[in-house]
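One letter stands for each residue in the lines below.
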Amino acid sequence: MNRRTFLAAAAARCAHGAAKIPIAFAGGSHSHAFAKARLCQDAAEFELLGVWEEDPALRQRYAAAGIRLLSADEALGGSARVVAVEGAVKDHFRLALRALENGKHVHVEKPPADTLGGMKQLVDTARKRNLLLQSGYMWRYHPGFDKVIAAVRAGYLGEVYMVRGQINTLIDASRRPEWGMFRGGLMFELGAHLIDALVRLLGVPSKVTPFLRKDSDHRDELRDNTAAVFEYPRAMAIIQSATLQPGSGAYRCFEVLGTNGTAVIRPLEAPVLTMDLAKAAGPYQKGLQTVPLPPYTRYVADFVDLAAAVRGERKLVVSLEQELEIQQTLLTACEML
């Protein structure tokens, strides 16, 4: 689902009497925050109450976009049914927990916490209060990943024996201290997105071996060249993430190799999915083929799913138990467990 489809579907729903869902943003400094706030501002599904953000430059940016500025108490304890936690990663757990304790459903930017104990506390609080907890991994609702996961579950690729994923970038030196705050470095900041997909695909690995290197000349502690090997009973996976690659977007990829063929998403945005099968399976023919994908815009389907779950129409695609499994695997790959 793309942005236009989301807005049209939401408008149709509200025309039939469905009330808007009040949502507030606690923090607006994350790189994904502004786009998510604008999406909620325009969506008929949500009523954006405003954004709490302390940075003066960011406050000015949100105000210029016509978004009301809130206090912390208004964002976390006001009339919102949903709180989107979109500030610095170090604040995710604290703000998400406060919102849950105030009886709010929570969409929290990834990673939701930097400890397993913190994640368990978020999950336990959500369960006890019968609240939703949705992590903001940006490819959790990606049509390419969805089709690959469905193909694996249906057995179209045969027995999966290898998964490979790469997500690199090249950031300005001024951003490195924030990313270097956690031992996992790039694996924690970016590799997390592919670990989320891996665990949803194959489950929790039996063993994880991280390689967290710093290979640039910058005088800081950011581990900027990272990889991890994930072992399963009959398969393994390799996820790699670095901030050393110019033009990295074109090379971001996710590959699944099975005994009947291979599925590759490359690039991840705008996504191109190819399958190469030894034998035809399901809707896929023998040989190399490009798989048609619907139009895709980041974050849109996340909030579609969230709105439906708030209304009780369906459950979120990732359960609380699976949220814990993803967090455990991520922290192990980051030497943070």
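Above: the structure in question.
Residues numbered from 1 in each chain as written. Predicted model: local features only at pLDDT ≥ 70, side-chain atom pairs only at ≥ 80, totals over all residues. Heavy atoms only, no water.

(A) Summary view of the nonpolar core. Counting residues in hydrophobic clusters, the biggest one holds 111 residues, and the most contacted among them are Ile-23, Leu-133, Phe-230, Phe-254 and Val-256. Ranked by the residues each element gives to this core, the list is headed by helix α9 (residues 186-202), at 11 residues. Residues in contact with Phe-230, not counting those within four places in the same chain, are Ile-195, Leu-198, Pro-205, Lys-207, Val-208, Ala-235, Met-236, Ala-237, Ile-239, Thr-329 and Ala-333. (Core = buried A, V, L, I, M, F, W, Y, C linked by side-chain atoms within 4.5 Å. Buried < 20%, exposed > 50% of the residue type's maximum accessible area, 1.4 Å probe, protein only. Helix = DSSP H or I, 4+ residues; strand = E, 2+ residues; numbered from the N terminus. Contact = heavy atoms within 4.5 Å.)

(B) Summary view of the side chain of Glu-323. Considering the arrangement of structural elements, one finds Glu-323 in helix α11 (residues 320-333). In this structure Glu-323 touches Met-119, Leu-133, Gln-134, Ser-135, Arg-140 and Val-318, once residues within four positions along its chain are discounted.

(C) Molecular detail of the pairing of strand β8 (residues 225-232). Two elements, strand β7 (residues 207-213) and β8, share 7 bridges in a ladder whose sense is antiparallel. Bridge pairing links Val-208 to Phe-230 in β8. Note: β8 against strand β9 (residues 235-242), 8 bridges, orientation antiparallel. The residue bridging Glu-231 from the neighbouring strand is Met-236, located in β9. (Pairing = 2+ DSSP bridges.)

(D) Local environment of the packing of aromatic side chains. Applying the stated criterion to the full structure yields 6 aromatic pairs. Between Phe-46 and Phe-303, the ring centres sit 5.9 Å apart and the planes meet at 90°, which makes this aromatic pair edge-to-face. One end of the pair, Phe-46, is in strand β2 (residues 46-52); the other, Phe-303, is in helix α10 (residues 300-310), with 257 residues separating them in the sequence. Aromatic pair Phe-145 and Phe-254: ring centres 5.0 Å apart, planes at 55°, arrangement tilted. Placement of the pair is Phe-145 in helix α7 (residues 143-154) and Phe-254 in strand β10 (residues 253-258), with a sequence separation of 109 residues. The ring of Phe-34 has Arg-61 sitting right over it, with the charged end atom 3.7 Å from the ring centre. (Phe/Tyr/Trp six-rings, centres within 6.5 Å; stacked < 30°, edge-to-face > 60°. Lys NZ or Arg CZ within 6 Å of the ring centre and 35° of its normal.)

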